[in-house]
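Letter by letter, the chains look like this.
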Amino acid sequence: MTQNVLFLLVLVAALGFFSYNAQRLVRYLTTGHDEHRTDHPWTRLRNVVVIGIGQSKILREPFAGILHASVFWGFVILTLGSIEILARGVFPAFGFDRMLPTPVHGLFLLSQELFAGLVLAAVVVLLYRRLVIKPRRLQGDKVHSGDAVFILSMIAALMVTLFLSATFDRVVEARHAAAFQPISSVLALVFGGVSPGTARSIATASTWSHALLLLAFLNYLPYSKHLHVITSLPNTFFSNTSGPGQVGVMRPMDLEAEGVETFGASDVKDLSWKNLLDGYSCTECGRCTAACPANITGKPLSPRKIVVNVRQRTMEIAPLLKGDRAEAAHAVLAGGEGDDAGGGTVGERVGHRLLDTYITEDELWACTSCRACVQECPVSIDQLDVINELRRNLVLTESRFPEEIQPAFEAMERNGAPWKFQPADRGRWADGLGVTTMAEFAERNERPDVLFWVGCMASFDDRAKKIAVAFARILNAAGIRFAILAQEESCNGDPARRMGNEYLYQMLARQAIETLDRYHVTTIVTTCPHCFHQIGNEYPQLGGHYEVIHHSTYIERLLQQELVPLRTENGKQLVVAYHDSCYLGRYNDVYDAPRETLKRALPVVTVAEPPRNRSRGLCCGAGGGRMWMEERVGKRINVERTEELLGTGADALAVACPFCMTMISDGAKALGSDVPVYDIAEVVAGQLER
Amino acid sequence: MKIAVCIKRVPEMDVRFKIAPSGTSVDETGLKWDMSDFDGYAVEAALQLTEKLGNGEVVVVTVGPDAAQETLRKALSMGVTRAVHLKVDAIPFDNFAIARALATELQGGGYDLILFGKMSIDSSNGAVGPITAELLNLPCVAAASKLEIANGKGTARRELEGAAELLEFPLPAVVSIDEGVARPRYPSLKGIMAAKKKPLEVKPAQLGDLRMTVSTMALPPDRPPGRILGEGVAAVPELVRLLQTEAKVL
Ligand code: SF4
Ligand code: SF4
């Protein structure tokens, strides 16, 4: 009886302290601005089931994945047992055995035994991995390795106490069939010689230890990176990759809002509560950083650091802003990563901000916006969103950016292209091809079936123009009535947006939408994944709604319908390595169309895959405005990627993006290779009947 | 420190111009307009001078049609304090008239320094600055590539063919600015928003009599197309012969 009262007191104290911390952490989230994250609830739930419960992202890395999934699933099952243990601490008469028919209860017991065994085994391997193998991605200047070891040991202790209590219960009296408790019944045999009195004491002590450890574990979480145990499922539910057509779409921004003086984010208060929840949820697993092309090639960018430092800065400033004097005074949750991470006296902390104190300009400009980090994160964190918001602040509020991109901004504004080309020359690539412009169609009171949006690269760049020509030849051969805008087309604004210049972006985008709507355009096909993503997925934010199809998908459809007259002889037996474009693949899930197109056009072709392919494909290095910036630090990303592609031993490399074309061609040149680089449209056009 | 910067709205020059039906001006349809490049350097130089001194005012002045207010707003978004628009229907060709309009505005304004771009990139005269200085009876440095102000005195550097000269002059003075002084800053959105609320005064330009007009305007003749003589080594003798006899470069 006294024992139960005592336990009740402990339980209330533990749950009370946990609730205190929970409300505190929830309150800190309101340091960030408001944002709706409940649209498309079914997609969100599906993500929770697939990514959360199903552990689909964790399992992308099979070895560590299966271990973690075992611990996770084990915990879910064992929670049922924990409820029983805690309830019995207060009401000794409580027990599932009284509520369930014996066979069902037996299965419950069995599940507890087996999963506890599984968790224990997984934890031992994980500890071995942390302490002995030490994989690179778990290293980092301030990664909380001690924290991980502590938590793993705690889990191990939880499992051991669970077994001890079941074992010695059995030594006292075997109340359940041995088949339902295979592990503890064997152990009970081993300890069979212990007197019932001693056994009872050990069983009680183990149950108490288990319950106390459990409560301690619960209360340790808010102070540890293992907070993700609680936040990762909600974080997955609220992740902004949930809505259809929302993948990789940048936040809309109202530039005309009254009284707004700063734009983008310079500190956590300018981020959304979801970005801060991302911070709470980071497990510091380093999967994002291990996949980051900038990090891989030695740039000062680590997406993990971005997220860890969002958390660090939140814990540093939120208690001050929310009036939690006591919390503000003592050490914060977890240290930030990097030399520039804050800390210090209250006065110093107020003077800090996320930008500069924790995250430097150089890191932000190193990002290629490839989304590899977002793709890999097992708890659905959006590192790129933070990078984009900080970039917006740099450009829109502070006018700080690498000086090389100013000419690009100016050219986009004056020339309607990110280089100083003459707008009047935009349609020149099509001279002599018999391509009709939108204006010519309109003059005849006709409308084409599709608009070919050419994009700046394929309009002006000598190499990329050949892609436009090849695609136009395919369309002509297939008898498609298509038009181009020629000098009425101008930059869609994506480079400006990715470089943080939302003002310039909206100017260009509105202009483009005005042109498209003037001609009542409904269907657009383009050879550029950036135009494809921008016009199709981001223009709706500004009221432009079009069906946009990338040429890989479009050509694949034409081939499928046998509309393209191809030569029948098979040609040479070629091995082609295909390079995935980020804005086609990770942003829009188009992986098969370009590969299928290659195979259909050249039946004897073998498509070779570099080790990093499809959703794991490495960026060419051009995205996020990197095309216009110098690459001064580390190895060149395009060289790294081209090496991987050439490493397949392919006879030719294939791309489906004019920017990838430039980067991979330059990479091949830098490596002294004469393996040719083709766009998929060029491969198909090369097979057209003459 | 009070600085005036006289700026001009000019068309983007990287296009193939067409002549308007009148035959005396370019066809303006489809042209993009912006502040003349050298004027951008002048605005930047003025902003840096006042920023360095920690106080002061920069005023931009332009002569032009209504659309020139966009150019003034751009200067305001870069950080200029206020703007004056001296309104005309079309910018006249007569430099003297423009200088007169500017001098009338600047006279008695209490400016320590009046900056110009060294010339406008469309008409390339480089004359309005020096004429204005003359009308205001002020010392003038044309095409300064470096400008410093200290103790009420100015020093400027001018690039000459293969040499440079350093000049010293008292204030107030007129200086026209060459590139190289400072790269014009890119206006932040914050600056663009702030510019909308800054004062922009509109007055008719006091041009006086126009004594010079454009009689005709002509495009340069088309360049003859290139010729392909052949491929590889076989084409070399013919190439050398033509370079000697036709192009006369060898
Ligand atoms: S988007 Fe790509 S480059 Fe940017 S941080 Fe993520 S992984 Fe690195
Ligand atoms: S952000 Fe995601 S992938 Fe990166 S370290 Fe944190 S949990 Fe891992």
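Here is what the cut-offs are and how they apply
- Residues numbered from 1 in each chain as written.
- Chains lettered and ligands numbered in written order.
- Predicted model: local features only at pLDDT ≥ 70, side-chain atom pairs only at ≥ 80, totals over all residues.
- Heavy atoms only, no water.
- Helix = DSSP H or I, 4+ residues; strand = E, 2+ residues; numbered from the N terminus.
- Buried < 20%, exposed > 50% of the residue type's maximum accessible area, 1.4 Å probe, protein only.
- Contact = heavy atoms within 4.5 Å.
- Areas by Shrake-Rupley, 256 points an atom, 1.4 Å probe, with all protein chains shown as cover.
- Lys, Arg positive; Asp, Glu negative; His and termini not counted.
- Charge placed at Lys NZ, Arg CZ, Asp CG, Glu CD.
- Core = buried A, V, L, I, M, F, W, Y, C linked by side-chain atoms within 4.5 Å.
- Near = heavy atom within 4 Å.
- Nonpolar A, V, L, I, M, F, W, Y, C, P; charged D, E, K, R; others polar.
- Axes fitted to C-alpha atoms, helices over the stretch in contact; angles between N-to-C directions.
- Parallel < 35°, antiparallel > 145°, perpendicular 65-115°, else oblique.
- Buried area = accessible area lost by both parts, 1.4 Å probe.
- Salt bridge = Lys/Arg side-chain N within 4 Å of Asp/Glu carboxyl O.
- Polar contact = N/O pair within 3.5 Å; in protein donor to acceptor, adjacent residues only side chain to side chain.
- Patch = residues over 30% accessible without salt bridge, like charges linked within 9 Å, V, L, I, M, F, W, Y side chains within 5 Å.
- 1 Å grid on protein atoms, 1.4 Å probe; cavity = no way out; pocket = protein on both sides within 12 Å on 5 of 7 lines; lining within 4 Å.
- Points joined across faces, edges and corners; volume = space filled by probe spheres on them.
- Domains from an automatic or database assignment.
- Pairing = 2+ DSSP bridges.
- Right-handed = clockwise from strand over helix to strand, strands pointing away.
- Phe/Tyr/Trp six-rings, centres within 6.5 Å; stacked < 30°, edge-to-face > 60°.
- Lys NZ or Arg CZ within 6 Å of the ring centre and 35° of its normal.
- Expected span 1.5 Å × (residues − 1).

Enquirer: Just checking my understanding: could you explain the overall build of chain A for this structure?
Expert: A count of helices and strands for chain A gives 31 helices and nine strands. Taking the principal axes of the C-alpha coordinates as reference, chain A spans close to 100 × 65 × 50 Å. Looking at the 690 residues of chain A, the share that counts as buried comes to 59%. Relative to all contacts within chain A whose residues are 6 or more apart in sequence, the contacts with residues 24 or more apart total 80%. Carbon and sulfur atoms provide 59% of the accessible area of chain A, an area that totals close to 27700 Å². Of the charged side chains in chain A, 68 are positive and 74 negative, and the gap between their average positions amounts to 5 Å.

Enquirer: When you look at the nonpolar core in this model, what are you seeing that I'm missing?
Expert: A general feature of soluble globular proteins is that nonpolar side chains tend to end up buried together. With 115 residues, the main nonpolar core has Phe409(A), Met412(A), Trp453(A), Leu516(A), Ile524(A) and Ile535(A) as its most contacted residues. The leading source of residues in this core is helix 25 (residues 502–518) of chain A, at seven residues. Discounting chain neighbours no more than four positions away, the residues touching Phe409(A) are Val395(A), Phe401(A), Ala496(A), Met499(A), Asn501(A), Leu504(A) and Tyr186(B). In this structure, Leu72(B), Ala156(B), Ala173(B) and Leu200(B) belong to the second largest nonpolar core, which totals 33 residues.

Enquirer: What is the right way to look at the site of ligand 1 in this model?
Expert: Residues and elements named next belong to chain A. The immediate surroundings of ligand 1 are formed by 13 residues, with Cys 292, Cys 367, Cys 370, Arg 371 and Cys 373 found nearest. Residue assignment for the shell around ligand 1 shows that the elements contributing at least two residues are helix 18 (372–376) and helix 19 (383–397). Split by residue class, the shell around ligand 1 holds 10 nonpolar, two polar and one charged.

Enquirer: Is there a simple way to think about the packing of helix 5 (residues 102–133) of chain A against helix 7 (residues 182–190) of chain A in this case?
Expert: Between two packed helices, what matters for the description is the angle formed by their axes and the separation of those axes. All names here are of chain A. Contact pair helix 5 / helix 7: the axes reach a minimum separation of 7 Å and the direction vectors enclose 80°. Here helix 5 is positioned roughly perpendicular relative to helix 7, judged by the angle of their axes. Across the interface between the two elements, Leu 110, Glu 113, Leu 114 and Gly 117 from helix 5 touch Pro 182, Ile 183 and Ser 184 from helix 7. Residue composition of the contact of helix 5 with helix 7, grouped by class: four nonpolar, two polar and one charged.

Enquirer: Looking at this structure, how should I read the interface of chain B and chain A?
Expert: Often, the extent of an interface is quoted as the loss of accessible area on bringing the components together. Every contact between the two is made by 18 residues of chain B and, on the other side, 25 residues of chain A. Roughly 2000 Å² is buried in total at the junction of chain B and chain A, and carbon and sulfur atoms are behind 46% of that figure. At the junction of chain B and chain A, the tally comes to three salt bridges. One salt bridge connects Arg414(A) with Asp34(B), and the closest N-O pair in it is separated by 2.8 Å. Remark: the boundary between chain B and chain A carries nine residue pairs in polar contact (both at pLDDT 80 or more). The element that contributes the greatest number of residues to the side of chain B that touches chain A is helix 5 (residues 189–195) of chain B, accounting for four residues. Looking at the side of chain B that touches chain A residue by residue, the class counts come to seven nonpolar, one polar and 10 charged.

Enquirer: Where do I start with the site of ligand 2 in this structure?
Expert: Lining the immediate surroundings of ligand 2 are 14 residues, of which Cys282(A), Cys285(A), Gly286(A), Cys288(A) and Cys377(A) lie closest. Of all the secondary structure elements, the ones that give two or more residues to the shell around ligand 2 are helix 11 (287–291) and helix 13 (303–321) of chain A.

Enquirer: Looking at this model, I keep getting lost on a nonpolar patch on the surface. Mind explaining?
Expert: On the surface, a nonpolar cluster with roughly 480 Å² of combined accessible area is contributed by Val233(B), Val236(B), Val240(B), Val249(B) and Leu250(B). Mapped onto the elements of the fold, Val233(B) is located in the loop between strand 11 (200–204) and helix 6 (236–245).

Enquirer: Help me understand helix 29 (residues 637–646) of chain A, please; the structure alone is not making it clear to me.
Expert: Within an α-helix, residues lying three or four positions from one another point in the same direction, as the helix has 3.6 residues per turn. Residue and element names in this part refer to chain A. Burial runs high along helix 29: eight of the 10 residues are buried. Three or more residues of helix 29 are buried, namely Ile 637, Asn 638, Val 639, Glu 640, Arg 641, Thr 642, Glu 644 and Leu 645. The secondary structure elements touched by the buried residues of helix 29 are helix 12 (293–296), strand 6 (575–578), strand 8 (652–655) and helix 30 (658–670).

Enquirer: Looking at this structure, I do not really get empty space enclosed by the protein. What am I missing?
Expert: In this approach, a probe sized like a water molecule rolls over the atoms, and the result shows the empty space that is left. Residues and elements named next belong to chain A. Enumeration according to the criterion identifies seven cavities of 30 Å³ or more in this entry. One number sums up the size of the largest cavity: a volume of about 180 Å³. As for the largest cavity, its lining consists of 21 residues, and the residues nearest its centre are Asp 494, Pro 495, His 530, Trp 628 and Phe 659. Of all the secondary-structure elements, those providing two or more residues to the lining of the largest cavity are helix 22 (455–460), helix 24 (494–498) and helix 26 (529–538). Per-class residue counts for the lining of the largest cavity are 12 nonpolar, seven polar and two charged.

Enquirer: Quick question: what am I supposed to make of the domain arrangement of chain A here?
Expert: If you check the domain split of chain A, you get domain 1 (2–30 + 61–134 + 145–223), domain 2 (268–400), domain 3 (405–558) and domain 4 (566–685). Using C-alpha coordinates to define each centre, domain 1 of chain A is positioned 51 Å away from domain 4 of chain A.

Enquirer: Whenever I open this one, the pairing of strand 4 (residues 523–526) of chain A confuses me. Can you help?
Expert: Moving residue by residue along a regular strand, the side chains alternate between the two faces of the sheet. Residue and element names in this part refer to chain A. Of the two faces of strand 4, the one lined by Thr 523 and Val 525 and the one lined by Ile 524 and Thr 526 are each fully buried. With three bridges connecting them, strand 2 (residues 450–453) and strand 4 associate as parallel partners. Across the sheet, residue Leu 451 finds its bridge partner in strand 4, namely Ile 524. Sheet analysis places strand 4 next to strand 5 (residues 547–550), joined by four bridges and oriented parallel. Looking at the pairing, Thr 523 lines up with Glu 547 of strand 5. With helix 26 bridging strand 4 and its parallel neighbour strand 5, the resulting β-α-β unit is right-handed.

Enquirer: Even after reading the chapter, I still don't get the sheet that holds strand 7 (residues 140–150) of chain B, so can you show me in this structure?
Expert: Adjacent strands of a sheet pair through backbone hydrogen bonds, lying either parallel or antiparallel. Residues and elements named next belong to chain B. Read across the open sheet, the nine strands follow the order 9-8-7-10-6-1-4-5-11; overall the sheet is mixed. At either end of the open sheet lies a strand with only one pairing partner, and these are strand 9 (163–170) and strand 11. Looking at each pair of strands side by side, their axes are set apart by 30° on average, direction ignored. Pairing geometry for strand 6 (residues 113–117) and strand 10 (residues 173–177), over five bridges, is parallel. Looking at strand 10, one finds that Leu 113 is bridged to Ala 173. Most of the contacts of helix 2 (residues 68–78) go to strand 5 (residues 82–87), to which it runs at about 165°, and overall it touches strand 1 (2–7), strand 4 (57–64), strand 5 and strand 11.

Enquirer: Looking at this model, I keep getting lost on the packing of aromatic side chains. Mind explaining?
Expert: Think of a pair of aromatic rings as described by two things: how far the centres are apart, and how the planes are tilted against each other in angle. Residues and elements named next belong to chain A. By the definition in use, this model includes 21 aromatic pairs over all chains. Taking 4.9 Å as the distance between ring centres and 70° as the angle between the ring planes, the aromatic pair formed by Phe 150 and Tyr 220 counts as edge-to-face. Highlighted residues: Phe 150 in helix 6 (residues 145–172) and Tyr 220 in helix 8 (residues 196–220), separated in sequence by 70 residues. Note on Tyr 220: relative accessible area 24%, which makes it partly exposed. Above the face of the Tyr 587 ring, Arg 371 is positioned so that its terminal group lies 5.4 Å from the ring centre.

Enquirer: How should I be thinking about the side chain of Asp679(A) in this particular structure?
Expert: When you line up the elements, Asp679(A) lands in strand 9 (residues 677–679). One buried charge, Asp679(A), has no salt-bridge partner; the nearest side chain with opposite charge is Arg463(A), at 7.7 Å.

Enquirer: Can you help me understand helix 1 (residues 2–29) of chain A in this one?
Expert: When the terminal C-alpha atoms of helix 1 of chain A are compared, their 41 Å separation across 28 residues agrees well with the 40 Å that a helix rising 1.5 Å per residue should span. Among the residues of helix 1 of chain A, Asn4(A), Phe7(A), Leu11(A), Ala14(A), Phe18(A), Asn21(A), Arg24(A), Leu25(A), Tyr28(A) and Leu29(A) are the ones counted as buried.

Enquirer: Explanation requested: the pairing of strand 6 of chain B in the structure shown.
Expert: Residues and elements named next belong to chain B. In terms of burial, strand 6 is a largely internal element, five of the five residues being buried. Where strand 1 lies against strand 6, four bridges are found, and the strand directions are parallel. In the strand pairing of strand 6, Cys 6 is matched with Phe 116.

Enquirer: Quick question: what am I supposed to make of the sheet that holds strand 7 (residues 606–608) of chain A here?
Expert: All names here are of chain A. Pairing in this open sheet of four strands is parallel, and the strands run 7-6-8-9 from one edge to the other. At either end of the open sheet lies a strand with only one pairing partner, and these are strand 7 and strand 9. Each neighbouring strand pair of the sheet contributes to a mean axis angle of 35°, computed without reference to strand direction. In this structure, strand 6 lies alongside strand 7, joined through three bridges in parallel fashion. Note on strand 7: the bridge partner recorded for Val 575 is Thr 606. Sheet contacts for helix 28 (residues 592–601): strand 6, strand 7 and strand 8; angle to strand 6, the most-contacted strand, approximately 165°.

Enquirer: Quick question: what am I supposed to make of unusual backbone geometry here?
Expert: At the junction of Leu171(B) and Pro172(B), the peptide bond is cis and its omega measures out at -5° in the coordinates. Structurally, Pro172(B) is set in the loop between strand 9 and strand 10. One non-glycine residue, Asn445(A), adopts positive backbone phi at about 60°. With respect to the helices, strands and loops of the structure, Asn445(A) is situated in the loop between helix 21 (438–443) and strand 2.

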